[in-house]
Structures are given as C-alpha cells and as structure tokens.
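Fold and contact review
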Amino acid sequence: MKRIVSIQDISCFGKCSLTVALPIISAMGIETCVVPTAVLSTHTGTGFEGYTYHDLTADIPAIAAHWKRLGLRFDAICTGYLGSKEQVQIVSDFFNTFATPQCKVIVDPVMGDKGQYYKGFDDSFAHQMRQLCRKADVIMPNMTEAALLLGEPYRGERCDEAFIKELLKRLSGLGTRIVMLTGVHVDDTHQGVACYNSETGDFFNCLSQNIPGYFHSTGDVFSATFAGALVKGFPLERALRIAVDFTVDCIRHTLGHEKEHWYGVMFEECLPQLIANTKQ
Ligand code: PXL
C-alpha cells in the first residue's frame, strides 16, 4: 500500500486542507498520515471572522523525531496551508529527514488568491515559501501565488499562452522539476491548469469549461487528488486530468447549493466516481 503524509492545518469546520485531503487520498486507496500544523475553528475566508487559531509548530519536530525512530517512509510528502515563516522552516527540516529519492515532494504554496494574500501572510512569508519550493518535485501555485513567489505584480487570471509558458519557466527556475499553474483562464470559456516538466521540456494544459463563481478550497481538492493519482502511478498528464476533472465535478455538484455551501465544495458525493476513475 502506498503512503502519503499531508502537512497542513485542520480547519474544524469549513471543508479545506486536512478535512479534504484525508478523505480524498484515503478514498484512492492510499494510506494517509497527517501532520496537523494548526487547529482552527474554521478556515480564514470571508464569512468566518472570529475564527480560533491554535498553532502546532512546536509539535512538528517531535512528531518527526518519533517517526524517524519508527523508520517511517512515505511515497509522497504533500504540503498545503502553513501558518508562519517559522513553520515553513520546520517543514523544510521535515523534508530533509523524510524526502528520499523515491518520495515525491509536492508543495502547494498556499498564500493567497485573487491578487491578494490570505489573512496573516506577507512578503517575508512568500520569501520563505520560495525556499520551500526549491526543495519540491512539484509545485502548484495559482496565478496570485505565482506572482508572489516571483516577487512581481499580479496580472489577473486571464493570460495568453506565451505569458503562461514564460511564467512556468521562471517558476521552474526556483529549482522545481514540475511546475503547475492553477486557475489559468486562457479564453472566455475555458480555465484549468498549465504544466511544465522541466526535465522533458514539455508544456501542456489541462483545461475544462469555465464555471463562473468563486468556490473556496478547490485548490486543496485539486492538490490532494493530484498527489493521490501521481502516487498511484498514473503518468503526469493523466494524474493532472484526474485531478482537474474531479475538482470540476465537485464544483458542478455544488452549483445551486452555494447559499448553504459557500465555504467549501460538496466533494463527498463525488468520491465514488473518483474511486471508480482511479481503480487500477
Ligand atoms: O484552502 C486553503 C486554506 C487552508 N487552510 C486555511 C485557510 C485556507 C484558505 O483560506 O484559511 C486555514
């Protein structure tokens, strides 16, 4: 059985980060271990003002030390929302301990969206996150996070192919083998993920019909699904397609229920289809 460790917060209500990654990766038949980086009452998105935040940074080295004594090994280490610069450094140390050549390191540099930082993040966090990306095999920033990683202005989600390719190349210059840009709008009707494999020099897009609206935590759904599919052994392009299709499926499933489910997508009822699509 394959084994992934997911390192991100647990937002007790709000369907993001660990409460999304755990069920998705487990449903794909992969053992899922977690390093919870913080416990929040909800995620930090608009509508959840007054959330609690309990930082667990100090627990991470002790968890890692125990796991090292146990000789645990992982097929992938996946990171998502990390709460502070100090935490990013400690996660970087975790990579040093557990990232063997067989272990894929997948970093989703969660920092912001729609041209702005999420609450509590700033340029010094982006600087630290850039260092973490250097150690990753795969990174998957959205357009906002790509601009923050490169220290340049955000130009919106809509962009032409030449710009996307240039951005992907510059991101791979951080030292990452595979770079994916999420939420790219190539025309009025399509959006998706653009990918660059710096080892082969291949560029490819994985697009789907654009669904108007903003759906919280779809990046977390996407990254967990992609990591699961890659670890299951699907080739890069196929793993990307599986993750994009599942994310779109979750969004479609939520359409018409946005009033009640504004805080996250209704991914649960889509899991049987994901299981069927990833059976090997
Ligand atoms: O979906 C990313 C995410 C994860 N965890 C927390 C968040 C967010 C985005 O807002 O607030 C706590």
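Residues numbered from 1 in each chain as written. Predicted model: local features only at pLDDT ≥ 70, side-chain atom pairs only at ≥ 80, totals over all residues. Heavy atoms only, no water.

1. Here we look at the nonpolar core
If you look at soluble globular proteins, the nonpolar side chains tend to sit buried side by side. Within the largest apolar cluster, 45 residues are counted, with the highest numbers of intra-cluster contacts made by Val5, Phe94, Val107, Met129 and Leu181. Those residues in contact with Met129 that sit more than four places away from it in its chain are Leu82, Val88, Val107, Pro109, Val110, Met111 and Leu149. One finds Phe204, Ala227, Phe234 and Cys270 within the second-largest nonpolar core, a separate group that totals 44 residues. (Core = buried A, V, L, I, M, F, W, Y, C linked by side-chain atoms within 4.5 Å. Buried < 20%, exposed > 50% of the residue type's maximum accessible area, 1.4 Å probe, protein only. Contact = heavy atoms within 4.5 Å.)

2. Thoughts on the environment of Ser198
Within the secondary structure, Ser198 is located in the loop between β10 (190–197) and β11 (202–209). For Ser198, a relative accessible area of 31% corresponds to the partly exposed category. When sequence neighbours within four positions are dropped, the list of residues in contact with Ser198 reads Ser172, Thr176 and Arg177. Within the structure, Ser198 has its side chain in polar contact with the backbone oxygen of Arg177 (distance 2.9 Å). (Helix = DSSP H or I, 4+ residues; strand = E, 2+ residues; numbered from the N terminus. Polar contact = N/O pair within 3.5 Å; in protein donor to acceptor, adjacent residues only side chain to side chain.)

3. Regarding the side chain of Thr182
Here Thr182 lies in strand β9 (residues 178–185). With near-sequence residues (within four places) excluded, Thr182 lies in contact with Met140, Pro141, Asn142, Met143, Gly192, Val193 and Phe222.

4. Describing the site of the ligand
In the region of the ligand, 13 residues are neighbours, and Asp9, Thr44, Tyr81, His216 and Asp220 sit closest. Between the ligand and Thr44, the relevant distance is 2.7 Å, taken from an oxygen atom to a side-chain nitrogen or oxygen of the residue. Between the ligand and Asp220, the relevant distance is 2.8 Å, taken from an oxygen atom to a side-chain nitrogen or oxygen of the residue. Isolated, the ligand exposes 310 Å² of accessible area, and the fraction of that covered by the protein chains is 97%. Taken together, the residues that form the shell around the ligand break down as five nonpolar, six polar and two charged. (Near = heavy atom within 4 Å. Areas by Shrake-Rupley, 256 points an atom, 1.4 Å probe, with all protein chains shown as cover. Nonpolar A, V, L, I, M, F, W, Y, C, P; charged D, E, K, R; others polar.)

5. Overview of the packing of helix α2 (residues 59–70) against helix α3 (residues 85–98)
Relative orientation of the contacting elements α2 and α3 amounts to 5°, with a least axis distance of 10 Å. One finds that α2 runs roughly parallel with respect to α3. Residue-level inspection shows Ile60, Pro61, Ala64, Trp67 and Lys68 of α2 in contact with α3, the latter providing Gln87, Ile90, Phe94, Thr97 and Phe98. Of the residues belonging to the contact of α2 with α3, the class tally is seven nonpolar, two polar and one charged. (Axes fitted to C-alpha atoms, helices over the stretch in contact; angles between N-to-C directions. Parallel < 35°, antiparallel > 145°, perpendicular 65-115°, else oblique.)

6. Details of the sheet that holds strand β3 (residues 53–55)
As summarised here, the arrangement of the nine strands in space is β3-β2-β1-β4-β5-β8-β9-β10-β11, forming an open sheet in which the pairing is mixed. With partners counted over all chains shown, the strands left at the sheet margins are β3 and β11, one partner each. As paired strands, strand β1 (residues 3–13) and strand β4 (residues 76–79) are joined by four bridges and run parallel to one another. The residue bridging Ser6 from the neighbouring strand is Cys78, located in β4. Strand contacts of helix α8 (residues 236–254): β9, β10 and β11, with the helix running at about 20° to β11, the strand carrying the most contacts. (Pairing = 2+ DSSP bridges.)

That is the geometry; function is a separate question.
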